[in-house]
Each structure stands twice: as C-alpha cells, then as structure tokens.
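Structural overview for review
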Amino acid sequence: MSVSGDNGSSNSLQQKLNSKIPFLSLKLYVLIAILLTCVAFVSFLICLCLCMNKNSRKRKMRVKHSSGLIPLVSKEIVEIKDLGRNVNFEKQESKVEKLGGEIVVVNVEAEQKKSEEESDDLSTKSSDVSVDVGWGRWYSLRELDMATHGFAEESVIGEGGYGVVYRGVLQDGSVVAVKNLLNNKGQAEKEFKVEVEAIGKVRHKNLVGLIGYCAEGAQRMLVYEYVDNGNLEQWLHGDVGAVSPLTWDIRMKIAIGTAKALAYLHEGLEPKVVHRDVKSSNILLDRKWNPKVSDFGLAKLLGSEASYVTTRVMGTFGYVSPEYASTGMLNEGSDVYSFGVLLMEIVTGKSPIDYSRPAGEMNLVDWFKGMVASRRGEELVDPLIEVPPSPRSLKRALLVCLRCIDLDAHKRPKMGQIVHMLEADDFPFRAEHRPTQDKDPHPSHEAEAVSTKVPYPIKHAGVANAERSRWR
C-alpha cells in the first residue's frame, strides 16, 4: 500500500511540473528555472554595485588626502607674455646654457602635449617603483602616510597652487613638514626636479632645509625641516593685537636674514639660483624670529655665462618685477625687486596689493614712493610698532627699498650689497661721487628725499670678501 501511495504522489508531482500554466503557455518547471535564474542574476548585480561603490569611496578618500582639494589661488600669476613656455626643467636649462642666454622660443602646444604624455607615463608606473635622486633620505609612502595620520585635514599647515603641506611626526619622534605635490599634467614631477636641483644639497641657516623625499609611482613628496612659528605674512597681516610682537629690530633681523639667504643663492652657488617667488608667506620664522626662505617650486638655475633666462612669467601679483612681467627675461635682479617690495611690507605692515585701501594706497610701491617724495617717510612705519625706529635706521631701510625697486634693473644693488647696507649700524654715510659717465642725468627724487647722503658704494674686493663671509 505504501509503495503504491509513494508512486502515486511522485506521478502526481511529475504531472504538475509537466502541466502547462496559462502564463505564456510554459510548463511549470521551466518557469521555476527562469525565476531562479533571475534571482541569481539580480543578486549578482547587487553585490557588484556594492563592491564598486565601496571602491569608489576609497578612491575619493585617497584623492582627497593626496591632493588636499586645493582651491584656485587668484593672486598667482599664470602667464603674462608667451615667450617660450612650459619647458621641461632640465632641457630648458641646457638650452639656455648652450645659447648663452638668448631668447628660446618653444612650441607651446608641443610642450604641453609632451607634458601630458610624461604625466600619463608616470601614472602607469607601479606604486612600488621608487626613484633615487642620490642624496637625502628616501621615505616610503606608507611611512609618510603614518606620519601625517593618513594625510588628514587636521595635519594641514599650508597649501597653494602646487601642493599641500602637512605636519608629520616620524617614528623616531622628529617633526617634519611634508609637501605633497599636486600631480597636474606632470607638474609634480617638474616641481620635484626643480626643488631637488635648486636646494637638494644646499645648507644655509636662512634657507629651509630639504631633508628627504618620497618618489613612488606618480607620487612626488618633499620632506623639509619643520619651522614652528608660522610665516611672516601671518605675523604682519594677522590679528596680533594693538601692538605687534615684531618690533623694528626683529623686522630688520628678518630682513637681513632673508637678504643673506638670497645673497647665498645668487652669489655663493654655481649655477646661481633665482628664487622667483620671494614674498612674505614664503618666509618661515622660528621661535627666535630667525627667517628661513622656503618654497623653491618656481626657482630657476642661471649659469655664470648667461645674463638671464627666458621663461614663463610666474610669481605673485605685486612682487613681480616690471621688466620680468613684460619680457619674461629672468635674472637675480627680479629677486632683488621682490625683496624691495618685501622690505616695504616689513616697514609698513601693508600688503603689496590691497583693493580695500583708499585709491592712492592700493599699490604699495606707488604709495611708498609718493610718501618718500613728499618727505613723509616717518608716516610709512607700521603703526603697530610700539617703539619707532631711529631716523638713521629708518632712512637706511627706505633707501634700500627704493634702490631695490629701481625701474632700471642694472642700477639695483646686488643682494650681498644689500646685506652690507642693512647690517652695519656704524656704516659711514657720505656723499656718493660717481664718475661723470655713470652719473644719472635724472636722479631719483624719492632717493633725494630720503637723504642726499648714501652708503658708500660697495666695489672693492675687501668689502666683497667681507660680504661673502656674512651669508655663510
């Protein structure tokens, strides 16, 4: 009985599976198979979407940490005149050396295409491939990631058009500043080469120390000594209260230290280094107010046989010399002009360009020259300075400012001379007697207003040697 019953139920199930249903006239077992297949396919799609969404979030987090989502900086000059642009650093310098400083005209589109190709090549490299530049310490990406807590936002201490700077603590407890270069069409590779070539092996007490680097795949990072007292721009233009902690003597100490650093770059190295972006935010300060010039991403090397190098006009609006802005021809005189504007900023406490000021004061250089010409030099001093400078010290600073911003670049002093003029309080003032052929038929009214007596011109070898010892 049981056997026949089992057979009967089996036959009944088989008949049901083989029976046709009204929907599409399909057999029941076929419809069940179709439904199971659809359920499996939908489950697969859901799992795939979840995995892709998770990977996308990870990539976004990595991009945010590595690039810092840098905003556009309106004060940065992109380009004023097209005179042969966007050349690979090493090849550009070799062209200048070969042609002896002649203008080099480059096909911009070809160079941009080449730059993009170089960037694509970099991005295809494996992340575990490292580059050795032959100096300093090589840091792994993992090591710097740990030091900056995953390049966290709270570790950011500065950012600009070329990268984000993070405060990092290494495993040995030492504090460093990690500059993560923004890889925009090969820009990270270019700036990496520039800074390594310019200051990789250079050591000076007034230059921020570059102690190592990270080069893995397309990632380019530079590791500097950490300077823990902010930058000059923050102390000049930040909210410091009714009285600035930057006394006149401290300000002159900062000016002299900056001048020594630039003098070393211009006159103590071969090839010389033109910084190209001297400004208050690039002057870092330690707890004793010692300045350290930083950010060499725009620097150019200039051989002794070349009087200038032709390059794309870059820098910060208000600091760029007029002749460089109009021609693209760069030499150390451009840094001298920028230093003159910086010194005006130190004396007055005013930024180079500020459209919120009255019409006659928007441009610091024009206002400064007008005030000196009107014999109102005392009114130029930052009102936040509690104890005003002595008339002699003020006159010396004003005169250096005016000489640095001379529209005739050939008449600007060298940085070594500027160090000597600012540093020696007992430096004798006496009338300057120039040979007749060198005499300017149209002397500067502003310079005359400062004083009819000027520091003795620095020309003989003894003084030059004394200068050289000062910026070492």
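Residues numbered from 1 in each chain as written. Predicted model: local features only at pLDDT ≥ 70, side-chain atom pairs only at ≥ 80, totals over all residues. Heavy atoms only, no water.

Turning to the sheet that holds strand S3 (residues 156-160), a few remarks are in order. The strands making up a sheet are joined through hydrogen bonds of the backbone, oriented either antiparallel or parallel. Across the sheet, six strands lie side by side as S2-S6-S7-S5-S4-S3; this open sheet has mixed pairing. A strand with exactly one partner marks an edge of an open sheet, and here the two such strands are strand S2 (137-138) and S3. Sheet topology places strand S4 (residues 163-169) next to strand S5 (residues 175-181); seven bridges connect them, and they run antiparallel. Within the sheet, the bridge partner assigned to tyrosine 166 lies in S5 and is valine 178. (Pairing = 2+ DSSP bridges. Helix = DSSP H or I, 4+ residues; strand = E, 2+ residues; numbered from the N terminus.)

This part is about the packing of aromatic side chains. A full pass over the atoms with the stated rule returns two aromatic pairs. For the pair phenylalanine 151 and tyrosine 166, a centre-to-centre distance of 5.3 Å together with 70° between the ring planes defines the contact as edge-to-face. With phenylalanine 151 in the loop between helix H5 (141-147) and S3 and tyrosine 166 in strand S4, this pair connects stretches of sequence that are 15 residues apart. A ring pair is formed by tryptophan 235 and tryptophan 289, whose centres lie 5.0 Å apart and whose planes are at 80°; its orientation type is edge-to-face. Of this pair, tryptophan 235 sits in helix H7 (residues 232-237) while tryptophan 289 is found in the loop between strand S9 (283-285) and strand S10 (291-293), placing the two residues 54 residues apart along the sequence. The class for tryptophan 289 is buried, based on a relative accessible area of 16%. Seen from the ring of tyrosine 226, arginine 167 lies directly overhead, with NZ or CZ sitting 5.4 Å from the centre. One cation-aromatic arrangement involves lysine 350 over tryptophan 367; the distance from NZ or CZ to the ring centre is 5.3 Å. (Phe/Tyr/Trp six-rings, centres within 6.5 Å; stacked < 30°, edge-to-face > 60°. Buried < 20%, exposed > 50% of the residue type's maximum accessible area, 1.4 Å probe, protein only. Lys NZ or Arg CZ within 6 Å of the ring centre and 35° of its normal.)

Position of valine 227 among the secondary structure elements: in the loop between strand S7 (219-225) and H7. On the basis of relative accessible area, valine 227 is assigned to the buried category, the value being 12%. Not counting the four nearest positions on each side in its chain, valine 227 is found in contact with Val208, Leu284, Leu285, Asp286 and Lys292. (Contact = heavy atoms within 4.5 Å.)

Our next topic: a nonpolar patch on the surface. Nonpolar side chains collect at one region of the surface, where Phe41, Val42, Phe44, Leu45, Ile46, Leu48, Leu50 and Met52 lie side by side and expose about 800 Å² of accessible area between them. Structurally, leucine 50 can be placed in helix H2 (residues 28-67). (Patch = residues over 30% accessible without salt bridge, like charges linked within 9 Å, V, L, I, M, F, W, Y side chains within 5 Å. Areas by Shrake-Rupley, 256 points an atom, 1.4 Å probe, with all protein chains shown as cover. Salt bridge = Lys/Arg side-chain N within 4 Å of Asp/Glu carboxyl O.)

Turning to helix H12 (residues 391-404), a few remarks are in order. Helix length check: H12 (14 residues) gives 20 Å between terminal C-alpha atoms against 20 Å at 1.5 Å per residue, within 8%. Burial analysis of H12 places 10 of its 14 residues in the buried class, the great majority of the element. Of all the residues in H12, the buried ones are Ser393, Leu394, Arg396, Ala397, Leu398, Leu399, Val400, Cys401, Leu402 and Cys404. (Expected span 1.5 Å × (residues − 1).)

Moving on to empty space enclosed by the protein. Scanning the model with the defined rule gives four cavities of 30 Å³ or more in all. Taken as a whole, the second largest cavity spans an internal volume of roughly 80 Å³. Lining the second largest cavity are 14 residues, with Arg276, Asp277, Tyr319, Val320 and Ser338 positioned closest to its centre. For the lining of the second largest cavity, the secondary structure elements donating two or more residues are strand S13 (315-316) and helix H10 (332-348). Looking at which element gives the most residues to the lining of the second largest cavity, the answer is H10, with three residues. Here the lining of the second largest cavity is composed, by residue class, of six nonpolar, five polar and three charged. (1 Å grid on protein atoms, 1.4 Å probe; cavity = no way out; pocket = protein on both sides within 12 Å on 5 of 7 lines; lining within 4 Å. Points joined across faces, edges and corners; volume = space filled by probe spheres on them. Nonpolar A, V, L, I, M, F, W, Y, C, P; charged D, E, K, R; others polar.)

Okay, helix H8 (residues 248-267) next. For H8, built from 20 residues, the straight-helix expectation of 28 Å at 1.5 Å per residue is met to within 8% by its first-to-last C-alpha distance of 28 Å. Counting buried positions along H8 gives 17 out of 20 residues, so the element sits mostly inside the fold.

It is worth spelling out the pairing of strand S6 (residues 210-216) at this point. Summarising burial for S6: six of the seven residues are buried, a large majority. Pairing of S2 with S6 involves two bridges; the strand directions are parallel. In the sheet register, tryptophan 138 faces S6, and the bridge partner there is tyrosine 213. Inspection of the sheet shows S6 paired to S7 by six bridges, in the antiparallel sense. Across the sheet, residue tyrosine 213 finds its bridge partner in S7, namely leucine 222. Once S6 ends, the chain turns through two residues before running back antiparallel as S7, passing glycine 217 with a positive phi of about 60°.

Relative to the assigned elements, threonine 258 resides in helix H8. In this view, threonine 258 contacts Ile283, Pro291, Val293, Phe339 and Leu342; residues no more than four positions away in its chain are not counted.

Our focus in this paragraph is the nonpolar core. The biggest cluster of nonpolar side chains holds 74 residues, and the ones touching the most others in it are Leu232, Phe339 and Ile418. Looking at this core, the element that brings in the most residues is H8, giving 12 residues. If we skip the residues at most four places from it in the chain, phenylalanine 339 touches Ala255, Thr258, Ala259, Leu262, Val278, Cys404, Met415, Ile418 and Leu422. (Core = buried A, V, L, I, M, F, W, Y, C linked by side-chain atoms within 4.5 Å.)

Further remarks concern the confidence of the model for the protein chain. A residue-level look at the protein chain finds 65% of positions with pLDDT of 70 or above and a mean pLDDT of 75. Throughout residues 452-472 the model reports pLDDT below 50, and contacts reaching past four residues in sequence, or to other chains, amount to 42 contacts. (pLDDT = per-residue confidence, 0-100.)

What follows covers the side chain of threonine 148. Mapped onto the elements, threonine 148 comes out in the loop between H5 and S3. The contacts of threonine 148, once residues within four sequence positions are left out, are Ser155, Tyr166, Arg167, Gly168 and Val178.

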